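Chain and residue survey
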Amino acid sequence: MRLLLLIPLLLCLAMLNGAARALPPELSDAVLSQYRIDGWQAEQGLPVSAVQTLHQTRDGTLWVGTGSGLARFDGIGFQLVQPEKVPALGRRPIFGLLEDRAGTLWVGHAGGAARLREGVWGPAIDPALLNGRRVWAFAQAPDGSVWGATEGGLVHWQGPQPRVYRSADGLPGERLRTLVFDREGVLWIGSTGAGLFRLRPGQAQFEPVAGFPHIEVRHLLADPEGGVWAATPGAGLVRVHADGSLQRYGVAQGLPTEQLTYLVRDDDGALWIGTWGAGVSRWRDGRFSTVNSENGLGGDQIWTVYADREGSLWAGSWNGGLNRLRKRGFPVVGKPEGLAADNVRAVLLARDGALWVSTAGGGVNRILGDRVQTLGLREGLATLEMSALYEDQDGAIWLGSYTAGLARWQNGRIERFGTAQGLPHVDVRSLLRDHQGRLWVGTRSGLARQEGRGFVAVNEPGAPKEGVVAMLEDRKGRLWFATTGDGLVRYENGRFSTLTRQDGLPSNWILALHEDADGTLWIGTNGEGISRLRDGQIRTVRPGDGLWDGLAQVFIADEQDRLWISCNRGFYWVARRELNDFLDGRLARVQTTGYGVGEALRSPTFSGGLQPVAARDPKGRIWLPSLKGLVQVDPRRLPQLGSPPAVRIESVSLGGQPVPLAAELLLPPDSVPPLTLRYAAATVQHAERVRFRYRMEGMTPDWIEVGGSREVNFPALPHGQYRFHLASSLDGQHWLESAQLPVTVQPRLHERRGVQVLGALAALLAVIGLYQGRTRQLRLRQAEMERLVAEKTEELRRANEHLAELSFSDALTGLANRRRFDERLQQEWRRCARQGQSLALVLADIDAFKAYNDSLGHAAGDTALREVAEVIRHTSGRASDCAARYGGEEFVLLLPGLDLEAAQALAERLRAACEARALPHPASPAAAVVTLSLGVAACVPDAGADPMSLFTAADAALYRAKQGGRNRVG
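Residues numbered from 1 in each chain as written. Predicted model: local features only at pLDDT ≥ 70, side-chain atom pairs only at ≥ 80, totals over all residues. Heavy atoms only, no water.

- Looking at an unreviewed UniProt entry, one finds the chain named diguanylate cyclase, with Inhella proteolytica as its source organism.
- One UniProt comment on the chain, placed under Catalytic activity (unreviewed entry), says "2 GTP = 3',3'-c-di-GMP + 2 diphosphate". (UniProt positions renumbered as here; feature names shortened; annotations may be inferred.)

Pasting the structure below:
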């Protein structure tokens, strides 16, 4: 079973006390467990939200037939096709697409048919032959000729003129919908009103299929074993064998409806079925499974389904746009597979082989073999918001929570510990028992140690007061504590000491710790990169040095001595040897490999800020908790991107006017610049990964990398011969050059060699007479050049000033960015400390913003961010205030001179103003509109204290506002 491969751990059949349930076999055949759904509608550039047919041509382009024209999709954007010779393609409904073996694209539309042959559009048939009726589908015969199913009969393109078969030719019905050739060369034809019939090779008579259960056939698909499959609008799925026998599948066999529209077979041999009203179903291993709008599909009325050459399945719907189902690069265990909740916070592999999983909102799961047990309120937990995990020496499991302290599980019994038992805070993030037998507990408000049956807060000099999110005991017996603002704390010989930015750390917010086989300590920060502590020296590698992301939430080593690291856009690995070589100066840049949205993860956001957030099982597989389930990574079987895709030049323009694309580009002498070349890659699945580089031979000797840009401009090309080279890459390391275009710029009259020789002789004869004039001209030119240099110098100065201003602002909202806020916080902290003045900070977070993006799309999310920024800008009107976007959906206000009461009043005005803005939020649990939760803190700064303590206090207040129900001030 697929799930047994997904949860590898365990051969043991023992079960815990309490209610347990078997994990669904083969993920209950859950389509969503294996596929990620992406969607495009009008908001993402789709011409209209009705998608009626799809086809990918051999150059990688996905052609999209919509209810209002034909578009081409390269994985990045849609381009509406509007050829002059076939204007219907730009405005009429498109129903059928086919690329024949010669590379001609056939298009069936509401008024006939068109084709694209060798780059030229033209009509495929005189509309009068069909009385202007629509063409539904095409099929190519073994002899290369093309047949078409239309509402005016059967069309056969063979020879100079197409032939139309009608009732007078023996056609059982003229309103045809679909057709296909089977493996024996039999032409099967589905109609509207006359059922299913066929035309055998070499015969002239059409043969109705006896006993076919419906008079309408919406789509036909050839069966690899012979015969065809038929989708009907009422009789379900019908398999017609080559001998004419029938096999019918309907609701009784597992289909969600018998109203079917389209059929396609994927690379694995599974049959996908479009339905009208119930989404998309899959037939595999004798069972049906379905994905619909409840699972994230854009709509349930499906016009078409299509399997492309890259392994993705596409679905076009009536009003839900274009949807893509992509296979996930990594298996996931989440709620669909039997976990109590999707938001997995920590994972622990126990010594008995059980996998413990803590979740936010679902309690704790224990997975053993193919069974999962849930520990929740009924089993004795005080909350379902669980966090840290730790296995003690006696096999007991300590279970941390966000809201109710700590619990200890052993032999089916749970014992609870909270602030009444000595914990300094109910939010527990990490646990560790050291070699002396002391149990340490890291909480949001510092450390605690176990004493007897309870705990005591650690208040010794130097002990951390901030959140302690990770702990490590090194081989020398020293304890290390990662904190959320106090830096890295060390406990040695009974004393605490601290390493901070002043000691070389890039940040005081530490998230992860790891001691490698050499005794080196690796330190993960909250966005500032990875540091190495060796022999008392701290050195750091950052994203600018090749690191895939600056956030490092965990380190876990694999069998190949690579460190795996999670972050908020996926996870990545880097070889430990490369890190050491870079930090020791032997390497200019590290190479890292990341996995994120492109691997069809359910969510790219992974857990952090607690322990443990990774586990490695005996088979070397790594388990990473994420916002949408527990992700399994097998370092020995990683998804491969494959070879770089081929590239193609899509169009050429000169001075903004299109130029016909030919094998060689010949530019006349008086061409108006710039020359613009637009290009694309033969991939839709990896379109966002593709990087390009070009070289114009004869002008640019070296390759020029342009990232994801899909056009290049040449402002001016002197006369001569050039050759444009284009290459692509998926990883920035391996490149494929697959497109070239010779370019010839013809010389003007005066640039021709003969004319230049005559001109030189004339100039030689007149040189004496023109000497003084030439001298004067040179002086004037020198003066002009000096003037131009002065102008350009001034322009450069202004541009530098503008760039400096941009470096301190957020591009989306126009507010100050985080860099500017950090600088202002340091400045105002010192100023208020000198003057004994209060400094207030308001931290605001848009409620349920992830759900807002998921329901309305990222474009709407960007609009909401700008609207909220506008509210903040108007609310904080004083010149001394600083309003900034801190990151994602978080905003921060720095308010010099305001005490706590005044800052809370301003925060309340801000909250009310945002709610009054009345931006619709269909997925918010707090209100029907976009709302804010705000945390407020104020103090009179101490010059010797860390300014981030004010931010941490506001963050704690924000947390209380969230816990209190959102849309409030904490």
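Past the structure itself, the notes keep going.
1. Things to note about the packing of aromatic side chains
- Scanning the model with the defined rule gives 45 aromatic pairs in all.
- Pairwise contacts between aromatic rings join Phe330, Trp564, Phe571, Trp573, Tyr595 and Phe606 into one cluster.
- Stacked on the ring of Trp136, the Lys or Arg Arg177 has its end atom at 3.7 Å from the ring centre.
- Lying over the aromatic face of Trp548, Arg569 brings its terminal NZ or CZ to 3.9 Å of the ring centre. (Phe/Tyr/Trp six-rings, centres within 6.5 Å; stacked < 30°, edge-to-face > 60°. Lys NZ or Arg CZ within 6 Å of the ring centre and 35° of its normal.)

2. Description of the packing of helix H7 (residues 849–856) against helix H8 (residues 858–875)
- Following both chains from N to C, one finds H7 and H8 inclined at 135 degrees, their axes separated by 7 Å at the closest point. By the angle between their axes, H7 is oblique relative to H8. In this structure, H7 uses Phe849, Tyr852, Asn853 and Leu856 to contact H8, whose residues at the interface are His858, Ala860, Gly861, Ala864 and Leu865.
- Residue composition of the contact of H7 with H8, grouped by class: 6 nonpolar, 3 polar and no charged. (Axes fitted to C-alpha atoms, helices over the stretch in contact; angles between N-to-C directions. Helix = DSSP H or I, 4+ residues; strand = E, 2+ residues; numbered from the N terminus. Parallel < 35°, antiparallel > 145°, perpendicular 65-115°, else oblique. Contact = heavy atoms within 4.5 Å. Nonpolar A, V, L, I, M, F, W, Y, C, P; charged D, E, K, R; others polar.)

3. Focus on the packing of H8 against helix H9 (residues 900–917)
- In the contact formed by H8 and H9, the axes pass within 10 Å of each other and the chain directions differ by 140 degrees. Here H9 runs oblique to H8, going by the angle between their axes. Along this stretch, H8 crosses H9, giving a crossing that reads as right-handed. Within the contact between the two elements, H8 uses Glu867, Val868, Glu870, Val871, Ile872 and Thr875 and H9 uses Leu906, Leu910, Ala913, Cys914 and Arg917.
- Grouping the constituent residues of the contact of H8 with H9 by class yields 7 nonpolar, 1 polar and 3 charged. (Left-handed = near helix turned anticlockwise from the far one by under 90°.)

4. Concerning the UniProt feature "domain: GGDEF" (unreviewed entry) in the chain
- When the UniProt feature table is mapped to this numbering, "domain: GGDEF" (unreviewed entry) covers residues 837–970.
- Here residues 837–970 runs as 45% helix and 22% strand, with 23 Å between its end C-alpha atoms.

5. Some remarks on the nonpolar core
- One finds Trp356, Leu399, Trp564, Phe571 and Val633 to be the most contacted residues of the largest nonpolar core, which totals 34 residues.
- Among the secondary structure elements, those contributing two or more residues to this core are strand E31 (344–349), strand E33 (363–368), strand E35 (386–391), strand E36 (397–401), strand E37 (406–410), strand E53 (570–575), strand E56 (622–626) and strand E57 (629–633).
- Setting aside residues no more than four positions away along its own chain, Trp564 makes contact with Val554, Phe555, Ile556, Asp558, Phe571, Tyr572, Trp573, Tyr595, Ile622, Val633, Pro635 and Leu638.
- The next biggest cluster of nonpolar side chains, apart from the first, holds 32 residues, and it includes Ala470, Trp480, Leu511 and Leu547. (Core = buried A, V, L, I, M, F, W, Y, C linked by side-chain atoms within 4.5 Å. Buried < 20%, exposed > 50% of the residue type's maximum accessible area, 1.4 Å probe, protein only.)

6. Some remarks on the sheet that holds E53
- Spatially, 4 strands are ordered E51-E52-E53-E54 in an open sheet, and the strand pairing comes out antiparallel. Where the open sheet ends on each side, the last strands, each with one partner, are strand E51 (556–557) and strand E54 (592–595).
- Relative to E53, helix H3 (residues 576–583) is tilted by about 70 degrees, and along the sheet it contacts strand E52 (562–567) and E53. (Pairing = 2+ DSSP bridges.)

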